[in-house]
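Working through the structure, step by step
So you can see what is in the structure, the chains are spelled out below.
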Amino acid sequence: MKIANEIREFKNVINGNLLSSSGGHLDSIDPSTGKVWATIPCGTKEDAELAVETANEAFVDWSSLVPTDRATYLRKVGDYIVQHGEELAALETQDNGWVFRETQYGLIPSLASFWYDAAGATAIASKGETVQLGTTCTGYTLREPFGVVVGIIPWNAPLFTFTIKAAYALAAGNTVIIKPSELASVASLRYGELINAILPPGVLNVVSGLGNEVGETLVRHPKVKKVSLTGSGGTAKAIANSTAENPKPMILELGGKSPNIVFEDADLDKAAYGVSLNGIFSGNAGQFCVGGSRILIQRSIFDKMITKMKNLLNEQIQFGHTMNPISTMGPIANAAQYEKVCDYIAIGKEEGGEIIYGGRHGGVTLLPEHPELADGYWVEPTLIQVDNNSLRICQEEIFGPVATVIPFDTEEEAVAIANDTSYGLGAGIWTSDLNRTQRLIRQIESGNVWVNTYRRVGPELPFGGVKESGFGTDSILEYTREKTCYIESE
């Protein structure tokens, strides 16, 4: 799809209407060029409050629908998203740099799958249990929606996180307000506009703006009954502080520092691809919370694995225009994150790490044949070999195409290194030993474990973390609460 050169204007979606904001607008930057390509509303407290009141009013009718009727709406949303898939994929690509070959062929079909799955789950959200408590008393439980649910989504995968929050919350009978990151709101605003062509007014609203005004107003509001965040630990703490006087249940899907462990008995070709191209050096430049940013390799195969990984990177990584289908890795999504990633590469060298692949950054350096991309936020895939897991680059989330490579000797040592972090979102194990697989799945402190694959997710299974990676999952029952009832008859 060709993207027009003029600066495009996008608006909030409240009560089915497209609205500007009295707060003016914010610029949206194309990270591949560093240039403004669109504007979004700089939402105000009044915008957020209007969205809450609207969603609260819409809740009465939406929650009263029988599950099959809500399911019909959600299936239509899935169908409509597919019809507009190319447009949405292009907007996501230009908004945060995730290459078009992945947003079009990987992201959009997965979004539709989640809407269809949510449609099928509407009945689950309405089922309770019955217990006979003697000859005259019956007890049972009901599942009810919370009411207005706020979904706060990040800049690295807006459409995906928008979908998993909105689809299941709506399936359970809640109404929803999505607050996208001000650093990547365009695709979400258009997504909300499209969905509102299907749903009744007010059932789904999208309000862009700064977190300290729009976000804080939403999470503090007494008519907001649940909050689901995908984001940083700092944002989670801010939300917890904001809701201290008006507590409400939360789902928190936060950061990670995931280990990807390769044993000597693994299929090394498959493992090399899994820990490099699929594990961290992705189409959105390693900017995903579950990225396998600590690659642990058994010492007996260390050199062989490094050679295989380098060969893959040389053969497969292709920089260029993000809309070009041959481009395999995009830029860092925004200027602040670009500076952070570059700083961590420098920190790695200062800490004694050895850059064994990559390390360069900047459009001028990496794309000299494309002067139009010179100001983009480009970072080369970078491998830093270390011997000490206590280094900052091993403990702190970098959120970019940078991975530490750590040798180990024994299974016990691998587990100790894997668990030596405050995070617990994902982990990968590459081995042909089934007994080892069973042991490590239990021993590794992580909400998700992949064996001989990595980063495979879908609506069939929950996705969540432990420790500082958060708690709860964006699944159907998380968006319902149980009510216990007793009936005594004479």
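Just above, that's the structure.
What comes next is a walk through the structure. Computed from a predicted model, the values in this text were never measured in an experiment. (Residues numbered from 1 in each chain as written. Predicted model: local features only at pLDDT ≥ 70, side-chain atom pairs only at ≥ 80, totals over all residues. Heavy atoms only, no water.)

1. A closer look at the overall build of the protein chain
Scanning the protein chain for helices and strands turns up 15 helices and 21 strands. For 490 residues, the compact-globule formula gives about 23 Å, and the C-alpha radius of gyration of the protein chain, at 23 Å, lands near that figure. The buried share of the protein chain, reckoned over its 490 residues, is 57%. Long-range pairs, those at least 24 residues apart, make up 75% of the contacts in the protein chain between residues at least 6 apart in sequence. Accessible surface computed for the protein chain: about 19700 Å², of which carbon and sulfur atoms make up 50%. (Helix = DSSP H or I, 4+ residues; strand = E, 2+ residues; numbered from the N terminus. Rg over C-alpha atoms; globule rule 2.2 N^0.38 Å. Buried < 20%, exposed > 50% of the residue type's maximum accessible area, 1.4 Å probe, protein only. Contact = heavy atoms within 4.5 Å. Areas by Shrake-Rupley, 256 points an atom, 1.4 Å probe, with all protein chains shown as cover.)

2. Some remarks on the environment of Thr453
Structurally, the position occupied by Thr453 is in the loop between β19 (448-451) and β20 (470-471). Separated by 107 residues in the primary sequence, Thr453 and Ala346 place their C-alpha atoms 31 Å from one another.

3. Let's talk about the environment of Ala187
Structurally, Ala187 is set in helix α6 (residues 186-195). Overall, the relative accessible area of 1% leaves Ala187 in the buried class. The residues touching Ala187, leaving out its near neighbours within four places in the chain, are Leu88, Leu91, Glu92, Asp95 and Leu159.

4. Let's talk about the pattern of salt bridges
Under the counting rule described, the total for this entry stands at 18 salt bridges. In this structure, Glu87 engages Arg190 in a salt bridge whose closest nitrogen and oxygen atoms are separated by 2.6 Å. Residue Glu87 is found in helix α3 (residues 85-96), and its partner Arg190 is found in helix α6; the two are separated by 103 residues along the sequence. Neither Glu87 nor Arg190 differs from the other in exposure class; each is buried. (Salt bridge = Lys/Arg side-chain N within 4 Å of Asp/Glu carboxyl O.)

5. Overview of the packing of helix α4 (residues 100-120) against helix α5 (residues 158-171)
Where α4 contacts α5, the axes come no closer than 9 Å and their chain directions differ by 10°. The angle between α4 and α5 falls in the class roughly parallel. In this structure, α4 uses Leu107, Ser110, Leu111, Phe114, Trp115, Asp117 and Ala118 to contact α5, whose residues at the interface are Leu159, Phe160, Thr163, Ile164, Ala166, Ala167, Tyr168, Leu170 and Ala171. Counted by class, the contact of α4 with α5 contains 13 nonpolar, two polar and one charged residues. (Axes fitted to C-alpha atoms, helices over the stretch in contact; angles between N-to-C directions. Parallel < 35°, antiparallel > 145°, perpendicular 65-115°, else oblique. Nonpolar A, V, L, I, M, F, W, Y, C, P; charged D, E, K, R; others polar.)

6. Regarding the sheet that holds strand β5 (residues 35-41)
Sheet strands pair by backbone hydrogen bonding; their relative direction is either parallel or antiparallel. The three strands are arranged β1-β5-β4 in an open sheet whose pairing can be described as mixed. Looking at the sheet topology across the chains shown, the edges are occupied by β1 (8-9) and β4 (25-30). In this sheet, β5 lies alongside β1 in parallel orientation, the contact comprising two bridges. Note that in β5 the partner of Arg8 across the bridge is Ala38. Packed onto the sheet, α3 meets β1, β4 and β5 and runs at close to 90° relative to β4. Contacting β4 and β5, α6 runs over the sheet at an angle of about 45° to β5. (Pairing = 2+ DSSP bridges.)

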